[in-house]
Amino acid sequence: MLLLSILCMACMGRADKGALDPVEYVNPLMGTLSNYAFSTGNTYPAIARPWGMNFWTPQTGRMGDGWQYSYTAQKIRGFKQTHQPSPWINDYGQFSLMPVVGAPEFDESKRASWFSHKAETAKPYYYKVYLAEHDVVAEITPTDRAALFRFTFPENDSSFVVVDAFDGGSYIKIIPEENTLIGYTVRHSGGAPDNFRNYFIIRFDKPFTYTAAVANGAVDVEALSSGDSTLQAGLRQGHAGAVVGFATRRGEAVQARVASSFISFEQAAQNLKELGDDSFETIAAKGREIWNEVLGKITVEGGTLDQYRTFYSCLYRATLFPRKLYEVTADGQVMHYSPYNGKVVPGFLYTDTGFWDTFRCLFPLLNLVYPSVNKEIQEGLLNTFRESGFFPEWASPGHRGCMIGNNSASVLADAWLKGVQVDDVETLYAGLLHGTENVHPSVSSTGRLGYEYYNRLGYVPYDVGINENAARTLEYAYNDWCIYRMAVALGRPQEEIDRFAARAMNYRNVFDPSTRLMRGRNADGSFQSPFSPFRWGDAFTEGNSWHYTWSVFHDPQGLIDLMGGREVFAGMLDSVFVVPPIFDESYYRHVIHEIREMTVMNMGNYAHGNQPIQHMIYLYNYAGQPWKAQYWLREAIDRLYTPGPDGYCGDEDNGQTSAWYVFSALGFYPVCPATDQYVAGAPLFRKATVRLENGRMLTIHAPDNSEANRYIRSLRLDGRTITRNYFTHAELTGGATIKIDMAGKPNTERGIKEADAPYSMSREQSAAEVR
């Protein structure tokens, strides 16, 4: 009843500002109406603390299925500790608990229970569901590395909890005199050394009346009176589990305190102390308070209920990944198991993120709103370099062969240049340089595949057997610009500065003047032929030339010049929305889900469901037509996001697609991380307040904002009327007050001068030449 009271109190509040605390707007089921062929997020309900080491989720999919929770599923197979960042990457270190009655059934299909979303409560800090097959109510509330389960059973002499350590070489030991199980799981989908284990401990508050060890599905039952104090199931390549049973009264709650560690059984027991002696209600209340503190860094007012729900659900997703992989020992030391070398070493480490996605705006959001968290993440990136010789590009838990680019350069440079600075910048910079001249020997997506060609020719050729070559060239050029910015900031030798400045212009080498689009280029200098701008993949990554042509984050003015000027550039932007959703899937030999997600959204060839084009709308600001950005941003916000199970228009991707919504709803976006600028859009809410870690507050006022009034008529920054189409990091973190006069018609006289445009490297170089 106390937990019910906590939830009900959260539902009492104000009318206009929103009736709930921030966490109560969050829908963890947003984006769960997904499958292999079509994604509305490819998310699962992550019951967790912000950036917590362990998440918990109800498991509807079979063991090993990346789609571990699907909104359309009818049965739950267990409640799984998960570390999965994406169904395409899959999970590691997972195990599950499942309450059952009647027969101690271990098989996941036979133990599964029907459930209904009408009898399901999902909040970031709390999950509850009624398992109809067993007449059991299951509840979970987590901490960073532990969780408290509560199973409310019926009247029964045969009430059980099944513990499944999954296959691949797991182990479980039952210790009846302590009402405890310990074990480990070794299951992973890659990115882990041979000695990888997730050690767990499960301690119940009720003595066992039944125990059974399970090995490869075979249940080994032993009575407690046998005198055997332990039962074990451990298999080098097999599937271990256990079943413990109780006699229960109707409505009796059996609690299980659970924790795990990637270091040892002893550290798992230490992590269990996160729960202390707190009750279930206390743990849930603490989790709710922590989530409110994190989500409450941003307060929005003057929106609709669905807008509040979408905003805070997106902010929740943006504060889950990357997750902690470090642990705190009994004497207070920060330690981590390294998935890069298999050793236990001091220091921070975070994992489960792909920089191809998240460099764009997830990490800039951390730098602006949560810099202390990103400081730990940045220190962890240096530890990754020390332990593996490379910065990660996709990590889960270690290096994974997924996506392209060397975008760790962006993540590291953006943080450093915005004041989120690691203690050892020499190692940071050495790692950046190393990544430009090397590729990981076993994970080709780490480092730079094709660097030999890129460094010699200025591009990765189309005809040398390296796929996605034009996309790699574009991303490497931006990455080199990030290193150039770091070189300038650190006072590196001029030759080094000039080298990376020159390489930053390599995007020009894959621009085809005849089509005004980016195009694969052969080693002899000729462009690929035949060429279709609608062909997905091939020279590009999960997109086509219409999507990737805009990936010149650091020099939109240079791209404008290549295309023939502002009017032509703006016309090409217009064309993305005007061109029908034509596609050529021949490279993939089937219609991949990203293509299908583009075709159904009725926005032409704009493919917001994947990352390469997500910044494109903001580029109207560089062409002197900011009102078009304001129009299309509101269209994207209103049409491509909802707070429901179909909430996204493609993969959510570790907070990136959510962070886009958060930034865009505030009214600005970091088109080019590692600059100090945020490009203006138009706010969604009448008022937003960002409580910064430095104690200052950034406020955005747009009192006339409405569904009809989406355009900026005028804008004042700290009392000064400005026409430029960007804000600086110093202005925002200084506690800016932004007042915007919104209107129903575009102001085509504002933001049109060249001086109003945001940063471009070409303009920087032109200014330097004039000086």
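Note that this is a predicted model, so its numbers are computed, not measured.

1. Here's the deal with the overall build of the protein chain
Check the secondary structure of the protein chain and you find 22 helices and 36 strands. For a compact globule of 771 residues, the expected C-alpha radius of gyration is about 28 Å, and the protein chain comes in at 27 Å, within 12% of that figure. Taken along its principal axes, the extent of the C-alpha atoms in the protein chain is 90 × 60 × 50 Å. Per-residue burial over the protein chain gives 65% buried out of 771 residues. Of the contacts made within the protein chain by residues no fewer than 6 positions apart, 70% connect residues no fewer than 24 positions apart. As presented, the protein chain carries roughly 25900 Å² of accessible surface, and 49% of it is formed by carbon and sulfur atoms.

2. Side note on the packing of aromatic side chains
Summed over all chains, the structure comprises 55 aromatic pairs. A ring pair is formed by Phe196 and Tyr337, whose centres lie 6.3 Å apart and whose planes are at 55°; its orientation type is tilted. Of this pair, Phe196 sits in the loop between strand 12 (180-185) and strand 13 (198-204) while Tyr337 sits in strand 22 (residues 334-337), placing them 141 residues apart in sequence. With respect to class, Phe196 is no different from Tyr337; both count as buried. Residues Phe663 and Tyr678 carry aromatic rings whose centres are separated by 6.1 Å and whose planes lie at 35° to one another, so their mutual orientation is tilted. Of the two residues, Phe663 sits in helix 20 (residues 656-666) while Tyr678 sits in strand 30 (residues 677-680), which places them 15 residues apart along the sequence. In this structure, Phe663 and Tyr678 share a single accessibility class: buried. Between the NZ or CZ atom of Arg360 and the centre of the ring of Trp356, over which it lies, the distance is 5.0 Å.

3. A few points about the confidence of the model for the protein chain
Per-residue confidence for the protein chain gives a mean pLDDT of 95; residues scoring 70 or more make up 95%. Every residue in residues 223-229 is under pLDDT 50, and counting partners more than four places away or in other chains gives 8 contacts.

4. Points about the environment of Ala215
One can find Ala215 in strand 14 (residues 210-215). A relative accessible area of 29% means that Ala215 is categorised as partly exposed. Separated by 43 residues in sequence, Ala215 and Ile172 place their C-alpha atoms 9.5 Å apart.

5. Notes on the sheet that holds strand 35 (residues 726-728)
Strand order across the open sheet formed by 3 strands is 29-30-35, with antiparallel pairing between neighbours. Looking at strand neighbours, the two that pair on one side only are strand 29 (668-669) and strand 35, the edges of this open sheet. Direction of pairing for strand 30 relative to strand 35: antiparallel, over a ladder of 3 bridges. Residue Val679 lies in a different strand from strand 35, and its bridge partner there is Tyr726.

6. Examining the side chain of Glu635
The topology assignment puts Glu635 in helix 19 (residues 626-640). In this structure, Glu635 is in contact with Met603, Leu640 and Arg710, ignoring residues within four places of it in sequence.

7. Quick word on the packing of helix 8 (residues 362-369) against helix 9 (residues 371-388)
Helix 9 packs onto helix 8 with a crossing angle of 125° between their chain directions and a minimal axis gap of 6 Å. Classed by the angle they form, the pair helix 8 and helix 9 counts as oblique. Residues Phe363, Leu366, Asn367, Leu368 and Val369 of helix 8 lie in contact with helix 9, whose contacting residues are Pro371, Asn374, Ile377 and Gln378. Looking at side-chain class alone, the contact of helix 8 with helix 9 contains 6 nonpolar, 3 polar and no charged residues.

8. Here's the deal with unusual backbone geometry
In the segment running from Phe321 into Pro322, the intervening peptide bond is cis, with an omega of -5°. With a phi close to 50°, Asn179 is a non-glycine residue in the positive phi region. Following the sequence through the fold, Asn179 ends up in the loop between strand 11 (171-175) and strand 12. Phi is positive for Asn602, close to 60°, though the residue is something other than glycine. Along the chain, Asn602 falls in the loop between helix 18 (593-599) and helix 19. You can call Asn602 exposed: its relative accessible area is 67%.

9. A closer look at helix 14 (residues 494-503)
Looking only at helix 14, the buried set comprises Glu496, Ile497, Phe500, Ala501 and Arg503. Seen from one end, helix 14 has its buried residues packed into an arc of 165°, which puts them on one side. Summarising the geometry of helix 14, the exposed residues directed more than 90 degrees from the buried face are Gln494 and Glu495.

10. Some details on the sheet that holds strand 21 (residues 326-328)
Strands in a sheet are paired, the pairing made by backbone hydrogen bonds, and the direction either parallel or antiparallel. If you trace the 3 strands from one edge of the open sheet to the other, you get 21-22-23, paired in antiparallel fashion. Pairing within the sheet leaves two strands with one partner each, and these edge strands are strand 21 and strand 23 (344-346). For this sheet the average axis-to-axis angle between neighbouring strands, irrespective of direction, equals 35°.

11. As for the side chain of Thr384
Along the chain, the position of Thr384 falls in helix 9. Residue classification places Thr384 among the buried positions, given a relative accessible area of 1%. Setting aside anything within four residues of it in sequence, one finds Thr384 in contact with Tyr340, Leu349, Gly389, Phe390, Phe391, Pro392 and His399.

Here is what the cut-offs are and how they apply
- Residues numbered from 1 in each chain as written.
- Predicted model: local features only at pLDDT ≥ 70, side-chain atom pairs only at ≥ 80, totals over all residues.
- Heavy atoms only, no water.
- Helix = DSSP H or I, 4+ residues; strand = E, 2+ residues; numbered from the N terminus.
- Rg over C-alpha atoms; globule rule 2.2 N^0.38 Å.
- Buried < 20%, exposed > 50% of the residue type's maximum accessible area, 1.4 Å probe, protein only.
- Contact = heavy atoms within 4.5 Å.
- Areas by Shrake-Rupley, 256 points an atom, 1.4 Å probe, with all protein chains shown as cover.
- Phe/Tyr/Trp six-rings, centres within 6.5 Å; stacked < 30°, edge-to-face > 60°.
- Lys NZ or Arg CZ within 6 Å of the ring centre and 35° of its normal.
- pLDDT = per-residue confidence, 0-100.
- Pairing = 2+ DSSP bridges.
- Axes fitted to C-alpha atoms, helices over the stretch in contact; angles between N-to-C directions.
- Parallel < 35°, antiparallel > 145°, perpendicular 65-115°, else oblique.
- Nonpolar A, V, L, I, M, F, W, Y, C, P; charged D, E, K, R; others polar.
- Arc of directions from axis to C-beta.

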